[in-house]
Every structure is written in structure tokens, then in C-alpha cells.
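Now for the letters of each chain:
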Amino acid sequence: MKIRLLICLFLVTGLLSSCKKWLEVEPESEIAAPILFSTENGFMEAINGVYNRSTESDLYGKELTFGTTEVLAQNFSMRDDGQDYRQTSLYNYKHGEFIKRKDKIWAGLYNAIVNCNLILENVDAKKNIFSGANYSIVKGEALALRAYLHFDLLRLFAPSYLRNPSAKGIPYANKYTKEITPVANVSETINLIIKDLEESKQLLVVDPIRSANYVVNYPLVTDTLKNTEEKNPSLFLQNRRHRLNYYAVCGTLARVYLYKNDKVKALLNAKEVIDSKKFPWTAKSDFEAFEDSKKDRILYKELVFGWYIPGAAKEIKDNWFQSGTRGFYLIEDAADYIYEKATAGASDSRYKYWLSATSSQSSRSYDIVKYRRNPLSTETGANLHYLMAPAIRLSEMYYIAAECSYANNPTVAVNYLKQVREARQIGDPLTINNEEDLLKELLKDARKEWLAEGQLFYMYKRLNRAIVGQTGVTIPASDNIFVLPLPNDEIVYGGR
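To keep things clear, this report deals only with the structure shown in the data block. (Residues numbered from 1 in each chain as written. Predicted model: local features only at pLDDT ≥ 70, side-chain atom pairs only at ≥ 80, totals over all residues. Heavy atoms only, no water.)

Next up on the list: the overall build of the protein. When helices and strands are counted, the protein shows 18 helices and 14 strands. When the 496 residues of the protein are sorted by exposure, 60% land in the buried category. Taking the contacts inside the protein whose residues are at least 6 apart along the sequence as the reference set, 70% of them involve residues at least 24 apart. Accessible area of the protein: about 19800 Å², with a carbon and sulfur share of 51%. (Helix = DSSP H or I, 4+ residues; strand = E, 2+ residues; numbered from the N terminus. Buried < 20%, exposed > 50% of the residue type's maximum accessible area, 1.4 Å probe, protein only. Contact = heavy atoms within 4.5 Å. Areas by Shrake-Rupley, 256 points an atom, 1.4 Å probe, with all protein chains shown as cover.)

Set out below in C-alpha cells:
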């Protein structure tokens, strides 16, 4: 597979909280980069541009959060909607609409990576234009984004490390160049990802989120003793959880090391997030609040990192999570099975507050309301928190810690999982006699936790486990399912 780099730079005019459109600069421009990277603000806009590109619907604004990857994990009931996700749920990888979506994911991820490389190509030479710790933060985030995006490419388009570490992986594009990027094998790709992340982690030791004075809370909390996320006079340094901050890099490293089966380093990084105590479990009163404006459906304070997706609010409401004639939802039997209604689900706050029952004359189903916004005409006061696509949750760090601790201390491992269940109001006892029991329980709880978040498919693949259908029917583990076909043609990425 050859990847030809025809670079096309996309920028934004504004910071991350802006919803402004991208401005296209002509491919291979010799003028844009020198102008853009002549100021500190130019670098900041370029970084914000990578985040904005990543939140478009072909990437984390839909397909890699509550689109294709969730359909592959058998997490939705659905009716045909023109893009025919039903064929995707049947793993028909030759279906035209699937091929279009899959190729857009590939091209979109590499497009964002190219722009990371353009930033990294210029940032060291302009170190003197940065104030404070901004050089380290800009470079650290660019490296982290490049690694994060490559890791999802690897998890989608190559065999897992467990299956074959020597198998062909993906091109690891770590240079801004027009030259053909060679394909690295799976092991080599993971090592390159880790290299970028470890360098990023060292750079981001200056991240404001590490300060004792940085307090996570809801945006509408104006008491600076309870929330300092928007206190910094620099917009670029506010809302660090909307970005690949220091702890998000630790979380990504925990993911990648676990994928490589390096449980020692995975545990160290997961525990760094847990032990920071920066990300408190959501209060029962916030999750269950009677008034919609006071509900925390997304469990906002627990997000170590998330993609800011305000532009997706209308699509979510009108198209993606509506039962009836279109959209993604859960039939009653599927909801009851996934959330174990007969046992743990009876008290599980996720079952009670992420699903909303709807009925017709012939059936009962559940709308998924995890991302629902209040029906107000403006954003002001519409919800307790920003609309986010979760990328790394606190609970995932507990799952990783549990899996990585079992061999040395089963009691500690089980306790990590219990803490997640208790935070979701589950009091049922766990019966875990061996590591296999633990993995089964982790998979079940992760499915409940990550509904419509795009991560479950990767967990099945990492463990080489059968995918469990909505009512318990299993789909055997196979690279024919877990490895998405590469694009047929040479990919010219950077354009569309």
C-alpha cells in the first residue's frame, strides 16, 4: 500500500470553542505556512484546526464515536437510513456505502495527521516566539494528536498485536513530505506511537491541568473554588479536558501499552490518571437531576479527554438517535440484555438515564439520550455542560488498572471494577474466581459504559474475543471482521 502525500492545509479562524468553518489553503502552498507560523497565535490556530477537523462527521463527530465503530460492535438497533448501516452491522465490507465511509475515515485521519506534521515541522524553529509554556503545550499536543490518530488507524486497518505483531500495519506519517510513506508492521507502528506519546508526556509536564489550582467542574459553576477550567486569561489554556492534555496522554499511553500487552506500563499510566484525583465520579444528584438543564448525561467531570462537538447537536437530535423510521436505538430485548435488567441493571444509573422508553402498537424500544441537548433556541443555559464526544473516560482507567493488576493482586483488580459499578449505583456482588471471569465482567461493564462512544469494537479486537450481539448471539472473532480493508486505490490524502 502506498501513500502519496499531497498536502492540503486546513485552518480555523478562531479558538476551539468556535464553530467557524475551515478555510482551505491551496495544496502545496508556499505562502500559507510562513504566514501562519510567524506568530504564536498562528500555531494555536493550527492546533485548533486539527481538533476541529477531527470533530467532523467522518471522524469523531460521528463515525468513530457513535457511527461505524458502534455498529461494528453490535451496539445499535436500526432501520435503513440511506447510508445503510445495516450492511455494516452484517460486516459486508464490499457494500458501497460502507466503502465510502471507511475510505473517508482513512483519508480524514491522515488529513489531520498531515496538519500535525506541518505544525511539528515548524515549531522548533520558532520556539522564541512563544510565551510562557506555550511552546511545550503546542508541540506536546501536536505529537499527542499525531499518535492518537495513528493509533485509531492501526486499530481499524491492521491486525491486533495479539493476533500478529509482525503483520503489515499502516504508514506512520511522521514527516511533512510529499514522499511515499512506507508501511510499518504492527509492532513498529505501536512503538512509533509510544515514542510520540512519551515525548508528548514530557513536554506536557507544564500543562495547567496538573496544577493543584486547576479544578474540574461544570462550565456554569462560577465559584472559582469549585471550577477553574475557564479562569486562565488565555483561551488556549482553558478547558484542558477538551484537548489532549497531560492526563489524556497518560490515558492514551495506558491504552497503547495495554494493546501491546505491556501491562506494567499500562498500569503505571492508568494509575497516574486515577491517583491524580482530578476527575471525580459524577454525583448521583447530577446524573439523576429532575430538571434537564441540571442533568449531566455525559458524565462531564469524568472525561479525561473529549472532542467538543457543538455542531453535531442538531444532527443528533434529528437523525442519529431517534427510533421510528430512522436512526440508532435499542429494541427492548437488546437494552434489557446489555444492561442486565434482571440483575445489575435494575439499579444501574446508565440503564435508567441513558435510555428513554418509547412505545408503538407493535413494539417497545429505547431512544439513546446520552447526547441529548435541551430543546432551547440558544446554547445559553441549554445544558449543565458542553456537548462532548467522550474520548477517554476515568472509568476506562479503572478497567485498565483492573486488567493489569489481576495477575499480581486479584483483590485489588476486582476492587477497581467494583468502584466503577458503585459509581453507577450497582450494588450487586461480583463473583470472580479467575482472570477469565474478570475479563468477561470488564467486557460487560465496558459495553454499558461506552454505549455510543466507539470504543467497544477495539476491546473485542484487542482481546480477540467474539463480538456479542444485542441479545447474546455471538459473532466469532476473525480478522475478516476486525481488520477493515485498506482503500483500493492509492490514497492522496490531505484533500477530499
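Now, onward.
Read from one edge to the other, the open sheet built from 4 strands follows the order S4-S8-S10-S9, with strand pairing classed as antiparallel. The open sheet terminates on both sides in strands that have one partner only, identified here as strand S4 (77-78) and strand S9 (355-359). Pairing geometry for S4 and strand S8 (residues 328-331), over 2 bridges, is antiparallel. Following the sheet pairing, Ser77 is matched in S8 by Tyr329. (Pairing = 2+ DSSP bridges.)

For the rest of this paragraph, the subject is empty space enclosed by the protein. Scanning the model with the defined rule gives 5 cavities of 30 Å³ or more in all. Volume-wise, the largest cavity comes out at about 180 Å³. If you go around the largest cavity, you meet 14 residues; those closest to its centre are Arg255, Leu258, Glu396, Trp450 and Arg462. Within the residue set of the lining of the largest cavity, elements represented by two or more residues are helix H6 (134-157), helix H8 (246-259), helix H14 (394-405) and helix H17 (456-463). Among the elements that make up the lining of the largest cavity, the one with the highest residue count is H14 (4 residues). Here the residues of the lining of the largest cavity sort into 8 nonpolar, 1 polar and 5 charged. (1 Å grid on protein atoms, 1.4 Å probe; cavity = no way out; pocket = protein on both sides within 12 Å on 5 of 7 lines; lining within 4 Å. Points joined across faces, edges and corners; volume = space filled by probe spheres on them. Nonpolar A, V, L, I, M, F, W, Y, C, P; charged D, E, K, R; others polar.)

Turning to the packing of H6 against helix H7 (residues 186-203), a few remarks are in order. Orientation of H6 relative to H7, taken along the N-to-C sense of each, is 155°, at an axis distance of 8 Å. Classified by the angle their axes make, H6 and H7 are roughly antiparallel. Read as a crossing pair, H6 and H7 show a hand that is left-handed. Contacts between H6 and H7 involve Ser136, Lys139, Gly140, Leu143, Ala144, Arg146, Ala147, His150, Phe151 and Leu154 from the former and Val186, Thr189, Ile190, Ile193, Asp196, Leu197, Glu199, Ser200 and Leu203 from the latter. When its residues are assigned to classes, the contact of H6 with H7 shows 10 nonpolar, 5 polar and 4 charged. (Axes fitted to C-alpha atoms, helices over the stretch in contact; angles between N-to-C directions. Parallel < 35°, antiparallel > 145°, perpendicular 65-115°, else oblique. Left-handed = near helix turned anticlockwise from the far one by under 90°.)

Within this structure, the stated rule accounts for 35 aromatic pairs. Aromatic pair Phe43 and Phe130: ring centres 5.1 Å apart, planes at 50°, arrangement tilted. With Phe43 in helix H2 (residues 40-54) and Phe130 in the loop between helix H5 (96-123) and H6, the pair connects residues that are 87 residues apart, well separated along the chain. In this pair, the class of Phe43 matches that of Phe130, namely buried. Taken together, the ring pairs in this structure connect Phe66, Phe76, Tyr85, Trp320, Phe321, Phe328 and Tyr371 into an aromatic cluster. (Phe/Tyr/Trp six-rings, centres within 6.5 Å; stacked < 30°, edge-to-face > 60°.)

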